[in-house]
Amino acid sequence: MKYAASILTIFAASVFILQSCGTDASTERTELANVLDAAADRDGVPAGECRDDCVRAALAVFDTCVEDGGDREACFGRAIHSFFECVTQCPPPTCEQACEARARQHQMQCLDEGGTVDGCNREARDVLARCQEEACTDPEPPTCKDRCESHAHNVYEACLGGPTPKTGGGRDGGDEKRCAALAREALEKCIEENCGEPEPPTCEGRCELLAAAVLEECLDGLEPGGDEAECVALARRALAACIADHCEDPEPPTCGDKCGFFAELVYDACISKIDSEERCAMVARYIQAHCMDRCEGRPCDCDDHCDDDDSDTDSDCDSDSDSDSDSDSDSDSDSDSDSDSDSDSDCDRDGPTPKRGDRHCD
């Protein structure tokens, strides 16, 4: 009887442990799904069937990573990275879907910056309405010049289809050069008579007007015998500064900048769903590591070498072994020692939250 009671006790404990493990795994998958949705909203990924499929695929990546013994946060990072690779293959969204995604993105950014729920919801509705009005409505009516070009085309077609002066023939006998000249004349006359407002100046044109005003003001205030060349030089400097400040595109962000932005986005999404700065910082670092490896053009799976604080290896993330091998492999590992190495990769998970330009496992 005592033996039977012991068996029942062991069986009950086993069931409890299995249920606890199942609950933990289920909780982690739920957390990951929530983080994926929050990150997708912050990145402006449109909702829809394709996004849902990518969430399911990312959860499968997470399950496989955990089953292989991967660190939880490292598996989170791998799954999130696979999700954003997946959504790049989704078909282009409709105009309405794109506007809804933009509104959700604005709402998330507003909340991250400390805005109130009501205020951010109101701003999101305004963004949605403005986007749909500007992008999803019928195109603007043709301009005056467009109408004149259409008129000129009609003149050309009518000329080709009408009788020629000499033969009285039909379209086949028309003179294309003569008709083209008539069309150009009709276009110029139409624009002159109906399109009096000039085209708005370009950015460079506005800067030239500013420089001309600077030159005129300088010349007007010039003392007798003053050097007009100084005014010309002043106007040139004003023109160059204006074009540099207003007409030239800024330098595009580097790949490292983009990885920093992406890591911050994932961190914000994570912290909005998981109340642990430490866990979210670790997930963001794994995300940044995957991203930066793409910048370097090399694959890097950091599951074996970067998810243990007490790892005895100084290996880079692309090391293929933790052993004390002296082979000529691509690994940067020299030994299995616990020394304080000055290697480029410390694989330390306890550092600060990654910011723009930071490296992990560099």
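In case you missed it, the structure is sitting above this.
Because the structure is a prediction, the values reported are computed rather than measured.

Draft legend 1. Broad picture of the packing of helix α10 (residues 255-271) against helix α11 (residues 277-295). In contact at an axis separation of 8 Å, α10 and α11 are set at 155 degrees when each is read in the N-to-C sense. The pairing of α10 with α11 is recorded here as roughly antiparallel in orientation. Where α10 crosses over α11, the two elements pack in a sense that is right-handed. Across from Cys255, Gly256, Cys259, Gly260, Phe262, Ala263, Val266, Tyr267, Cys270 and Ile271 in α10, the residues of α11 making contact are Glu277, Cys280, Ala281, Val283, Ala284, Ile287, Gln288, Cys291, Met292 and Cys295. When grouped by side-chain class, the residues that make up the contact of α10 with α11 number 16 nonpolar, 3 polar and 1 charged.

Draft legend 2. The nonpolar core, seen in detail. The biggest cluster of nonpolar side chains holds 34 residues, and the ones touching the most others in it are Leu32, Leu36, Ile80, Phe83, Phe84, Val87 and Val266. At the level of elements, α1 (2-42), α2 (49-67), α3 (72-87), α10 and α11 are the ones that each hand at least two residues to this core. If we skip the residues at most four places from it in the chain, valine 266 touches Ile80, Val283 and Ile287.

Draft legend 3. Summary view of the packing of helix α4 (residues 95-112) against helix α5 (residues 117-135). Remark: α4 packs on α5, axes separated minimally by 8 Å, with the N-to-C direction vectors making an angle of 155 degrees. Between α4 and α5, the angle is such that the two are roughly antiparallel. Our pair here, α4 against α5, has a crossing hand that is right-handed. For the pair α4 and α5, the contacting residues are Cys95, Cys99, Glu100, Arg102, Ala103, His106, Gln107, Cys110 and Leu111 in the first and Val117, Cys120, Asn121, Glu123, Ala124, Val127, Leu128, Cys131, Gln132 and Ala135 in the second. Residues that form the contact of α4 with α5 fall into these classes: 12 nonpolar, 4 polar and 3 charged.

Draft legend 4. Looking closely at the state of the cysteines. By the definition in use, this model includes 15 disulfides. The disulfide bridge from cysteine 148 ends at cysteine 190, spanning 2.0 Å between sulfur atoms. Across the disulfide from cysteine 148 to cysteine 190, rotation about the S-S bond amounts to roughly -75 degrees, and the bridge is consequently left-handed. Residue cysteine 148 is located in helix α6 (residues 144-161), and its partner cysteine 190 is located in helix α7 (residues 176-194); the two are separated by 42 residues in the primary sequence. For cysteine 148, a relative accessible area of 1% puts it in the buried group. Disulfide pairing places cysteine 270 opposite cysteine 280 at an S-S distance of 2.1 Å. Across the disulfide from cysteine 270 to cysteine 280, rotation about the S-S bond amounts to roughly -75 degrees, and the bridge is consequently left-handed. One end of the pair, cysteine 270, is in helix α10; the other, cysteine 280, is in helix α11, and 10 residues separate them in sequence. Per residue, the accessibility class of cysteine 270 equals that of cysteine 280, and both read buried.

The rules behind each value
Here the residue numbers are simple positions, counted from 1 along each chain's written sequence. Local features in a predicted model are, by the rule used here, given only for residues with pLDDT of at least 70; side-chain atom pairs are given and counted only at 80 or more, and totals for whole chains, interfaces and linings are based on all residues. Just so you know, side-chain values use all the structure's heavy atoms and leave hydrogens and water out. Interaxial angles span 0 to 180 degrees and are taken between N-to-C directions of axes, which are lines fitted to C-alpha atoms, for helices over the stretch in contact. Secondary structure counts use DSSP, requiring at least four H or I residues in a row for a helix and at least two E residues in a row for a strand, with both numbered from the N terminus. Small angles under 35 degrees read as roughly parallel and large ones over 145 as roughly antiparallel, with 65 to 115 read as roughly perpendicular and the rest as oblique. Here a crossing is called left-handed whenever its near helix is offset anticlockwise from the far helix by less than a right angle, and right-handed whenever the offset is clockwise. Should any heavy atoms of two residues lie within 4.5 Å, those residues are considered in contact. By the convention adopted, Pro, Cys, Tyr, Trp, Phe, Met, Ile, Leu, Val and Ala count as nonpolar, Lys, Arg, Asp and Glu as charged, and the other residues, Gly among them, as polar. Residues grouped as a nonpolar core are buried Ala, Val, Leu, Ile, Met, Phe, Trp, Tyr and Cys residues, joined through side-chain atoms within 4.5 Å. Note on exposure labels: buried denotes an accessible area under 20% of the residue type's maximum, exposed denotes more than 50%, and partly exposed covers the range between, all computed with a 1.4 Å probe on protein chains only. Here, two cysteine sulfur atoms that lie within 2.5 Å of each other are counted as a disulfide.

Geometric values such as these leave the question of function open.
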